[in-house]
Amino acid sequence: MHEKFINYFSKISSLSKEESAAIAKSMQTKAMAKGEYLLKEGQVSENTYFVLEGCIREFILSDGEEKTTNFFFEEQWAISLSSLSTNKPATHNWVCIEDTTVVVGNEQQAQELFKEFPRFETISRTIMEAVFAEQKEALTSYYTDSPEQRYRKLLNSKPGLVQRIPQYHLASYIGIKPESLSRIRKRISSSPSK
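Okay, so let's go over this structure.

Basis of the calculations
Residues numbered from 1 in each chain as written. Predicted model: local features only at pLDDT ≥ 70, side-chain atom pairs only at ≥ 80, totals over all residues. Heavy atoms only, no water. Helix = DSSP H or I, 4+ residues; strand = E, 2+ residues; numbered from the N terminus. Rg over C-alpha atoms; globule rule 2.2 N^0.38 Å. Buried < 20%, exposed > 50% of the residue type's maximum accessible area, 1.4 Å probe, protein only. Contact = heavy atoms within 4.5 Å. Polar contact = N/O pair within 3.5 Å; in protein donor to acceptor, adjacent residues only side chain to side chain. Axes fitted to C-alpha atoms, helices over the stretch in contact; angles between N-to-C directions. Parallel < 35°, antiparallel > 145°, perpendicular 65-115°, else oblique. Nonpolar A, V, L, I, M, F, W, Y, C, P; charged D, E, K, R; others polar. Core = buried A, V, L, I, M, F, W, Y, C linked by side-chain atoms within 4.5 Å. Phe/Tyr/Trp six-rings, centres within 6.5 Å; stacked < 30°, edge-to-face > 60°. Lys NZ or Arg CZ within 6 Å of the ring centre and 35° of its normal.

### Examining the overall build of the chain
And then number 1: Helices and strands together make up the secondary structure of the chain, namely eight helices and eight strands.
And then number 2: Whereas a compact globule of 194 residues would reach a radius of gyration of roughly 16 Å, the chain reaches 18 Å, a difference of no more than 12%.
And then number 3: Along the first, second and third principal axes, the C-alpha atoms of the chain reach 55 × 40 × 30 Å.
And then number 4: With 194 residues in all, the chain has 42% of them scored as buried.
And then number 5: Taking contacts inside the chain between residues at least 6 apart in sequence as the whole, the part at least 24 apart equals 72%.

What follows is the structure in structure tokens.
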């Protein structure tokens, strides 16, 4: 588990033995059961989460209906940018759709690491920029792509993960009903050309 987390940082910037040891020492992992919530609408987000194993689904409630807005898988950060940076209550929910293990981070931990290793601040900024870019791209895709295009993008970017998500969550994520998703899947399987 430690190695997976350290390897993630090593892909961003090579680490010294001391830096790797500091990351390992600061790591706080948490095992979550399928169905457990990391964040509920109305709570203020105080932590960031790095997914080591499993999957987290993000959803909002709209007219009493759950609408899936994101998924976080292995080697992805779940960061509530709007709640964390403004200290305002979250407008979304995070629930584990599989047994999930995360690394839990918070501001105090981060500041201690930054004090000891100032360049971690630059690495942290790079991560935040990547998370922001991912969220912006997902939002743009929702407004500009058809449901089929969104589904194909998901297939291309995370082919193995599509099998792990229940169809009704996938349908909600791309903005359609499960029966429409079934038709899209049939169409794609009968003509695999992109």
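### Topic: unusual backbone geometry
And then number 1: Not every positive phi belongs to a glycine, and glutamate 75 is a case in point at roughly 65 degrees.
And then number 2: Locating glutamate 75 in the fold gives a position in the loop between strand 5 (65–72) and strand 6 (77–78).
And then number 3: According to the relative accessible area criterion, glutamate 75 is partly exposed, its value standing at 32%.
And then number 4: For asparagine 87, which is not glycine, the phi torsion reads 65 degrees and is therefore positive.
And then number 5: When you line up the elements, asparagine 87 lands in the loop between helix 3 (81–86) and strand 7 (93–96).

### A short note on the side chain of serine 45
And then number 1: Examined against the element boundaries, serine 45 turns out to sit in the loop between strand 2 (37–39) and strand 3 (47–53).
And then number 2: Separated by 3.3 Å, the side chain of serine 45 and the backbone oxygen of asparagine 47 make a polar contact.

### Some words on the packing of helix 1 (residues 2–12) against helix 5 (residues 119–144)
And then number 1: Where helix 1 meets helix 5, the axes come as close as 10 Å, and the angle between the chain directions of the two elements is 90 degrees. The pairing of helix 1 with helix 5 is recorded here as roughly perpendicular in orientation. Along the contact surface, helix 1 presents Tyr8, Phe9 and Ile12, while helix 5 presents Ile123, Thr126 and Ile127.
And then number 2: Across the contact of helix 1 with helix 5, the residue classes break down as five nonpolar, one polar and no charged.

### Considerations on helix 6 (residues 147–157)
And then number 1: Along helix 6, the residues that are buried comprise Glu148, Arg150, Tyr151, Arg152 and Leu154.
And then number 2: Against helix 5, helix 7 (167–174) and helix 8 (178–190) lie the buried residues of helix 6.

### Quick notes on the nonpolar core
And then number 1: In terms of nonpolar packing, the biggest core is built from 22 residues, with Phe5, Phe9, Trp77 and Phe120 touching the most fellow members.
And then number 2: Taken together, the elements giving at least two residues each to this core come down to helix 1, helix 2 (17–26), strand 3, helix 4 (107–116) and helix 5.
And then number 3: In contact with phenylalanine 5, other than residues within four places in its own chain, are Ile23, Met27, Phe50, Leu52, Trp77 and Val103.
And then number 4: In this structure, Val162, Ile165, Leu170 and Tyr173 belong to the second largest nonpolar core, which totals 17 residues.

### Concerning the packing of aromatic side chains
And then number 1: Evaluated as defined, the whole model comprises 15 aromatic pairs.
And then number 2: An angle of 80 degrees between the planes, with centres 6.5 Å apart, marks the rings of phenylalanine 9 and tryptophan 77 as edge-to-face. With phenylalanine 9 in helix 1 and tryptophan 77 in strand 6, the pair connects residues that are 68 residues apart, well separated along the chain.
And then number 3: By relative accessible area, phenylalanine 9 is classed as buried at 11%.
And then number 4: Through successive ring pairs, a cluster of aromatic residues spans Phe5, Tyr8, Phe9, Phe50 and Trp77.
And then number 5: The ring of tyrosine 37 is capped by lysine 40, whose NZ or CZ atom sits 4.8 Å from the centre of that ring.
And then number 6: Over the ring of tyrosine 142 we find arginine 150; its NZ or CZ atom is 4.5 Å from the centre of that ring.

From the geometry alone we can't say anything about function, so treat these as descriptive.
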